[in-house]
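# Notes for the structure review
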Amino acid sequence: KDHKLIRSGIYKLVRHPAYTGSILISFGIAIALSSFLGLVLTIFVGLPAKMYRIHKEELILEAEFGAEYRKYAEEVKSLIPLVY
């Protein structure tokens, strides 16, 4: 009930740092293991799954914080600082 929108620390750079990290880890593991299948699965299964989840979370956060979250979303990228 008394949730607060955090905009400090890593959240100044990206809105979903845990997803950024898990995507990077998935790519890193696939590359480290020289796994073409792992790379394909990351791109065609992992990324769409994360994007779907981010979309759902954004809806919840917007419902919870309203204009404050919309402003934050305009100022801070979702996954990659300064890009996306």
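Above: the structure in question.
Residues numbered from 1 in each chain as written. Predicted model: local features only at pLDDT ≥ 70, side-chain atom pairs only at ≥ 80, totals over all residues. Heavy atoms only, no water.

## Section: the overall build of the chain
The secondary structure content of the chain amounts to three helices and zero strands. The secondary structure elements of the chain, listed N-terminal to C-terminal, are α-α-α. Across its three principal directions, the C-alpha atoms of the chain cover 45 × 20 × 20 Å. The buried share of the chain, taken over its 84 residues, is 23%. For the chain, restricting intrachain contacts to residue pairs at least 6 apart in sequence, the fraction spanning at least 24 positions comes to 74%. (Helix = DSSP H or I, 4+ residues; strand = E, 2+ residues; numbered from the N terminus. Buried < 20%, exposed > 50% of the residue type's maximum accessible area, 1.4 Å probe, protein only. Contact = heavy atoms within 4.5 Å.)

## Describing the nonpolar core
Within the largest apolar cluster, five residues are counted, these being Leu5, Phe65, Tyr69, Tyr72 and Val76. Setting aside residues up to four positions removed in sequence, Leu5 forms contacts with Phe65, Glu68, Tyr69 and Tyr72. (Core = buried A, V, L, I, M, F, W, Y, C linked by side-chain atoms within 4.5 Å.)

## Looking at the packing of helix H1 (residues 17-32) against helix H2 (residues 36-65)
Where H1 contacts H2, the axes come no closer than 10 Å and their chain directions differ by 175°. Taken together, H1 and H2 sit at an angle that is classed as roughly antiparallel. In contact with Tyr19, Ser22, Ile23, Ser26, Phe27 and Ala30 of H1, H2 contributes Gly38, Leu39, Thr42, Ile43, Leu47, Lys50, Arg53, Ile54 and Glu57. When its residues are assigned to classes, the contact of H1 with H2 shows eight nonpolar, four polar and three charged. (Axes fitted to C-alpha atoms, helices over the stretch in contact; angles between N-to-C directions. Parallel < 35°, antiparallel > 145°, perpendicular 65-115°, else oblique. Nonpolar A, V, L, I, M, F, W, Y, C, P; charged D, E, K, R; others polar.)

## Description of the pattern of salt bridges
Applying the stated criterion across every chain yields a total of five salt bridges. Here Glu75 and Arg7 are joined by a salt bridge, their closest N and O atoms 2.1 Å apart. With Glu75 in helix H3 (residues 67-75) and Arg7 in the segment before H1, the pair connects residues that are 68 residues apart, well separated along the chain. Overall, the relative accessible area of 45% leaves Glu75 in the partly exposed class. Ionic pairing is found between Arg70 and Glu62, a salt bridge with its closest N-O pair at 3.1 Å. For Glu62, a relative accessible area of 33% corresponds to the partly exposed category. When salt bridges that share partners are traced, they join Arg7, Lys71 and Glu75 into one network. (Salt bridge = Lys/Arg side-chain N within 4 Å of Asp/Glu carboxyl O.)

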